[in-house]
Amino acid sequence: MSSTAAAAALPARALTIASSDSGGGAGIQADLKAFARCGVHGMSVIVALTAQNTTGVSAIHECPPRFVADQLEAVLTDLPPAAIKTGMLLSAPIITTVANHLAGKGIPLVIDPVMVASSGSRLLREDAVAALIEELFPLATVITPNLMEAQALTGLGTENRAEIAEALVALGAPAALVTGGHGIDPIDHLYDGRAHLEMPVTRYPLAATHGAGCTHSATLAACLARGMDLAGAARTAGTVASEAVRCGLVGLGAGDGPVDALDVRRLSPPTLTDRH
Ligand SMILES: Nc1ncnc2c1ncn2[C@@H]1O[C@H](COP(=O)(O)OP(=O)(O)OP(=O)(O)O)[C@@H](O)[C@H]1O
Ligand SMILES: Cc1ncc(CO)c(N)n1
C-alpha cells in the first residue's frame, strides 16, 4: 500500500483535555469510550486525577500546569487533532495554560464547563470560573453546560433554555448547547448566535447517568472531527449520550452507575480464531 493510501485509511483524531475518574465512569475514561464509539482516534491531556467512584469524589490531585503544557505540546506538535473537547479543568492556572496553547490554532473546540459532580464535589474552583469564561469561551466552537451549570455561569435562575443560551453567547462563546437529560424536560437546546434549535432526547429513567455529560461533549467533538456540522454533531451527541444511558451499568457500584457508550456487555473476549 502506498503511504498516501495508508494515510487515507487513518481515523480522524480528537483530543480531550480533562481529568481522570478512577472509577472509569466519567472524565477522560468516558471521553475515550465516546471517541472509540465514533470511530475516532482519541488522545488525552490529563489535568488532574480524581479519586472517585460511583458514590463520589474523595480526593483530587492537580497536575502542575507546566506538565499540562508538556502534554499539550507533545500532542499538538505530532498529532494535531481535528477537534478538541475540554472537561474538568479545575483551576485558573490550568485554564490559562490550555487557553495559551489553543489560541490562534483554529481547531474546533467543545467546552464542557464541568463545575460540580452530581455527588456535590466541586470540579472547578470558585476562583477559576472567571478564567473559564474570559480566556476559554472566546476560543470555543460551542459550550455544552447542563441546565444547572448554565444557570451558575449566567447568574440566571430561569429554566427557559432559549434565554439562558442567549445569555451564554453574550458571555463570549459563539454557540451554546444547554443539555438537560436529568430533568423532567429532556431537551437539548442549541443557539448559535442566530437561530434556536430544540432537540428532544429519549430519556431513560435509569440509575446509570454518571458520565452522560462527558459522553455527550466528547461525541460532539468526535463528530466535528469527522466533519459534521454543529447541528448534526449536536443531534448525534444527544443520541449517543442517551444510548449510553440506556446501556448504562446500573448496580456496578453503590451509587449512580456509569454510562456505557461502547455497550461492553455485548462484547466478548477475543479468541485466537478472531486473529486476522
Ligand atoms: N436519563 C437519561 N436518559 C437518556 N439520556 C440522558 C439521560 N441523562 C442524560 N442523558 C443524555 O446525556 C446528555 C447530557 O446530560 P446532562 O445534561 O444530564 O449531563 P450532565 O449533568 O452534564 O452529566 P454528568 O453526570 O456527566 O455531569 C443529554 O443530552 C442526554 O442526551
Ligand atoms: C473527572 C470527572 N470529570 C467530569 C465529571 C462530571 O461528570 C466527573 N464526575 N469527573
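Per chain, the residues get numbers from 1 upward, laid out in the order the sequence is written. Lettering of chains starts at A and numbering of ligands starts at 1, both following the order in which they are written. With pLDDT at 70 or above as the cut-off, local features in this predicted model cover only qualifying residues; side-chain atom pairs require 80 or more to be listed or tallied, and sums for whole chains, interfaces and linings still use all residues. The basis for the side-chain values is all heavy atoms of the structure; hydrogens and waters are excluded.

Per an unreviewed UniProt entry, the recorded name for the protein is Bifunctional hydroxymethylpyrimidine kinase/phosphomethylpyrimidine kinase, and the organism is Jatrophihabitans telluris. The heading Function (unreviewed entry) in the UniProt record of the protein holds the text "Catalyzes the phosphorylation of hydroxymethylpyrimidine phosphate (HMP-P) to HMP-PP, and of HMP to HMP-P." UniProt positions are given in the numbering used here, feature names are shortened, and annotations may be inferred rather than shown by experiment.

**Q** Give me the pattern of salt bridges: which residues, what numbers.
**A** For side chains of opposite charge, pairing can occur when their charged atoms come near one another. We count a salt bridge whenever a side-chain nitrogen from Lys or Arg sits within 4 Å of a carboxyl oxygen from Asp or Glu. Evaluated as defined, the whole model comprises nine salt bridges. Between Asp70 and Arg66 there is a salt bridge whose closest N-O contact spans 2.7 Å. Here Asp70 pairs with Arg66, and both are found in helix α3 (residues 65–78), just four residues apart, close to one helical turn. Taking the shortest distance from any N to any O, the salt bridge between Glu126 and Arg122 comes out at 3.7 Å. The buried label goes to any residue with under 20% of its type's maximum accessible area, the exposed label to any with over 50%, and the partly exposed label to all in between, with areas taken from a 1.4 Å probe on protein chains only. Classification of Glu126 as exposed rests on a relative accessible area of 61%. Using a relative accessible area of 35% as the deciding quantity, one classes Arg122 as partly exposed. Counted as one network, the salt bridges with shared partners bring together Arg66, Asp70 and Glu73. Per the convention used, a helix needs a DSSP run of H or I reaching at least four residues, while a strand needs a run of E reaching at least two, with both numbered from the N terminus.

**Q** How would you explain the side chain of Glu149 if you had to name every residue and give the values?
**A** Residue placement: Glu149 occurs in helix α6 (residues 147–154). When charges are counted, neither His nor the chain ends are considered; positive counts come from Lys and Arg and negative counts from Asp and Glu. No salt bridge is formed by the buried Glu149; its nearest oppositely charged neighbour, Arg122, is found at 9.7 Å. If we ignore the near neighbours within four places in the chain, the residues touching Glu149 are Asp112, Pro113, Val114, Met115 and Thr144. Contacts are assigned to residue pairs that have any heavy atoms within 4.5 Å of one another.

**Q** Requested: an account of the confidence of the model for the protein, with residues and values cited.
**A** Low pLDDT marks regions whose predicted coordinates should not be analysed in detail. Values of pLDDT, the confidence the predictor places in each residue, fall between 0 and 100. Mean pLDDT over the protein: 94, with 95% of residues reaching 70 or higher. Our summary of model confidence lists the complex with pTM equal to 0.95 and ipTM equal to 0.96.

**Q** Go over the packing of α6 against helix α7 (residues 161–170) with me, naming the residues and quoting the values.
**A** Between the N-to-C directions of two axes lies an angle of 0 to 180 degrees, each axis being a line fitted to C-alpha atoms and, for a helix, fitted only over the stretch in contact. Interaxial distance between α6 and α7 falls to 10 Å at its minimum, and their mutual angle equals 50°. As the angle between them shows, α6 and α7 are arranged oblique. Classified by chirality, the crossing of α7 by α6 is left-handed. Contact residues: Leu147, Ala150, Gln151, Leu153 and Thr154 in α6; Arg161, Ile164, Ala167 and Leu168 in α7. Only Asp, Glu, Lys and Arg are considered charged, only Ala, Val, Leu, Ile, Met, Phe, Trp, Tyr, Cys and Pro nonpolar, and every remaining residue, Gly among them, polar. Of the residues that constitute the contact of α6 with α7, the class distribution is six nonpolar, two polar and one charged. Any angle from 65 to 115 degrees is called roughly perpendicular, while one under 35 is roughly parallel, one over 145 is roughly antiparallel, and all others are oblique. By definition, turning the near helix anticlockwise from the far helix through less than a right angle yields a left-handed crossing, and turning it clockwise yields a right-handed one.

**Q** So what's going on with the site of ligand 2? Which residues, and what values?
**A** For this purpose, a residue is taken to be near a molecule or strand whenever a single non-hydrogen atom of the residue falls within 4 Å of it. The environment of ligand 2 is made up of Ser19, Ser20, Ala26, Gly27, Gln52, Met88, Val114, Leu123, His210 and Cys214. Under this definition, polar contacts are N or O atom pairs within 3.5 Å; protein pairs additionally need one hydrogen-donor-capable and one acceptor-capable atom, and for neighbouring residues in sequence, both atoms have to be side-chain atoms. The side chain of Gln52 places a nitrogen or oxygen atom 2.8 Å from a nitrogen atom of ligand 2. All accessible areas in this document rest on Shrake-Rupley with a 1.4 Å probe, and a residue is counted as covered only by the protein chains that are shown. When the free accessible area of ligand 2 is taken as 290 Å², the share hidden by the protein chains comes to 91%. Among the residues forming the shell around ligand 2, the class breakdown is five nonpolar, five polar and no charged.

**Q** Tell me about the pairing of strand β9 (residues 196–200), and please be specific about residues and values.
**A** A strand pair is defined by DSSP finding two or more bridges across the two strands. Across five bridges, the pairing between strand β8 (residues 187–191) and β9 is antiparallel. Looking across to β9, one finds that Ile187 is bridged to Pro200. Between the antiparallel neighbours β8 and β9 lie four residues, among them Gly193 with a positive phi of about 90°.

**Q** Give me the pairing of strand β4 (residues 83–86): which residues, what numbers.
**A** Residues Ala83 and Lys85 of β4 are buried on one face, and the alternating residues Ile84 and Thr86, pointing to the opposite face, are buried as well. Sheet analysis places strand β1 (residues 13–21) next to β4, joined by four bridges and oriented parallel. Looking across to β4, one finds that Thr16 is bridged to Lys85. Taken together, the three bridges between β4 and strand β5 (residues 109–111) define a ladder with parallel strand orientation. The residue bridging Lys85 from the neighbouring strand is Val110, located in β5. A crossover connection joins β4 to the parallel β5 through helix α4 (residues 92–102); in handedness this β-α-β unit is right-handed. Think of it like this: strands point away, you trace from the first strand over the helix to the second, and a clockwise trace means the crossover is right-handed.

**Q** Explain helix α9 (residues 230–246) residue by residue, including any values.
**A** Each residue after the first adds 1.5 Å to the expected span of a helix. Under the 1.5 Å per step criterion, the end-to-end length of α9 is 24 Å for 17 residues, consistent within 8% with the ideal 24 Å. Taken as a whole, α9 has its buried residues at Leu230, Ala233, Ala234, Ala237, Gly238, Val240, Ala241, Ser242, Ala244 and Val245.

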